[in-house]
Amino acid sequence: MGQHGGMNERTEIDWQALRSVAAEAAANAYAPYSRFPVGAAGLTDDGRIVSGCNVENASYGLTLCAECGMVSDMHLTGGGRLVAVVATNPEGQPLAPCGRCRQLLLEAGGTDLLVDGRNGPRSIVELLADPFSPEDLNTPSDGG
């Protein structure tokens, strides 16, 4: 899947099923301050569906986005790579990931990751143009 064959085709991804799992996760969000519950669901390269919800904190900067919980769930349940992701409200309407989460999703899925949104699925690199990636850590600096 992804680079290993097959799952990168948008028609092979059941976006409605992912939205449904994300909406269920959003219903369990802890959002007493913003009252803006968010759930995220992702399809991994081995076919698992992982999910997470936002968890707010009185110290607002410590709030965890739904995508953070989803990536943690992916690693907890066997690792791998994300192939497709969606974040939604409790009604299942897609929401755009914040900038921090776009970087997190790039790390968890690579440049082939598809992210569903209001205008349909798009590549993570369309959402996070010219991203900093793991490959940048291996690139020697020119010193200037």
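A quick note: this is a predicted structure, and the numbers were derived from the prediction, not measured. (Residues numbered from 1 in each chain as written. Predicted model: local features only at pLDDT ≥ 70, side-chain atom pairs only at ≥ 80, totals over all residues. Heavy atoms only, no water.)

Trainee: With reference to specific residues and values, describe the overall build of the protein.
Mentor: Each helix and strand in the protein was counted, giving five helices and six strands. What you see in the protein, going N to C, is helices and strands ordered as α-β-β-α-β-β-α-β-β-α-α. For the protein, the proportion of its 144 residues judged to be buried stands at 42%. Long-range pairs, those at least 24 residues apart, make up 60% of the contacts in the protein between residues at least 6 apart in sequence. Carbon and sulfur atoms make up 52% of the accessible area of the protein, which amounts to about 7900 Å² in all. (Helix = DSSP H or I, 4+ residues; strand = E, 2+ residues; numbered from the N terminus. Buried < 20%, exposed > 50% of the residue type's maximum accessible area, 1.4 Å probe, protein only. Contact = heavy atoms within 4.5 Å. Areas by Shrake-Rupley, 256 points an atom, 1.4 Å probe, with all protein chains shown as cover.)

Trainee: Just give me the short version of the confidence of the model for the protein, but keep the residues and values in it.
Mentor: For the protein, mean pLDDT is 91; residues scoring 70 or higher make up 88% of the total. Below a pLDDT of 50 lies the segment residues 1-11, which in the model reaches 23 contacts outside its immediate sequence neighbourhood of four places, other chains included. (pLDDT = per-residue confidence, 0-100.)

Trainee: Which residues make up the layout of surface pockets, and what values do they have?
Mentor: To find leftover empty space, one rolls a probe the size of a water molecule over the atoms. Here the second largest pocket is characterised by a volume of approximately 190 Å³. Forming the boundary of the second largest pocket are 16 residues, of which Phe-36, Val-38, Asn-54, Cys-65 and Glu-67 lie nearest the centre. Taken together, the residues of the lining of the second largest pocket sort by class into eleven nonpolar, three polar and two charged. (1 Å grid on protein atoms, 1.4 Å probe; cavity = no way out; pocket = protein on both sides within 12 Å on 5 of 7 lines; lining within 4 Å. Points joined across faces, edges and corners; volume = space filled by probe spheres on them. Nonpolar A, V, L, I, M, F, W, Y, C, P; charged D, E, K, R; others polar.)

Trainee: How would you sum up the pattern of salt bridges? Please name residues and give values.
Mentor: Scanning the model with the defined rule gives three salt bridges in all. In this structure, the salt-bridge partner of Asp-116 is Arg-19, at a minimum N-O distance of 2.8 Å. In this pair, Asp-116 is assigned in the loop between strand S5 (114-115) and strand S6 (122-123) and Arg-19 in helix H1 (residues 15-26), connecting sequence segments 97 residues apart. Of the two residues, Asp-116 and Arg-19, neither departs from the other in class, the shared state being buried. (Salt bridge = Lys/Arg side-chain N within 4 Å of Asp/Glu carboxyl O.)

Trainee: Describe helix H3 (residues 99-109), listing the residues and the values that go with them.
Mentor: If you check which residues of H3 are buried, you get Cys-101, Arg-102, Leu-105, Leu-106, Ala-108 and Gly-109. Where H3 terminates, the next one or two residues include Gly-110, which has phi positive at roughly 80 degrees.

Trainee: So what's going on with the nonpolar core? Residues and values would help.
Mentor: Judged by nonpolar contacts, the single largest core of 19 residues is most densely connected at Met-70, Leu-82, Val-85, Leu-105, Leu-113, Val-115 and Ile-124. Elements with a minimum of two residues in this core: helix H2 (66-76), strand S3 (82-88), H3 and helix H4 (124-127). A total of four residues in this core trace back to one element, the largest contributor, which is H2. When near neighbours in sequence (up to four residues on either side) are disregarded, Leu-82 contacts Gly-42, Leu-43, Thr-44, Val-50, Met-70, Val-71, Met-74, Leu-105, Ala-108, Gly-109 and Leu-113. (Core = buried A, V, L, I, M, F, W, Y, C linked by side-chain atoms within 4.5 Å.)

Trainee: Help me get a handle on the packing of H2 against H3, residues and values and all.
Mentor: Two numbers describe how H2 lies on H3: the axes approach to 10 Å, and their chain directions differ by 15 degrees. Judged by the angle between their axes, H2 and H3 are roughly parallel. By crossing handedness, the relation of H2 to H3 is classed as left-handed. Only Arg-100, Cys-101, Leu-104, Leu-105 and Ala-108 of H3 make contact with H2, whose side of the interface consists of Glu-67, Cys-68, Met-70, Val-71 and Met-74. Residues that form the contact of H2 with H3 fall into these classes: eight nonpolar, no polar and two charged. (Axes fitted to C-alpha atoms, helices over the stretch in contact; angles between N-to-C directions. Parallel < 35°, antiparallel > 145°, perpendicular 65-115°, else oblique. Left-handed = near helix turned anticlockwise from the far one by under 90°.)

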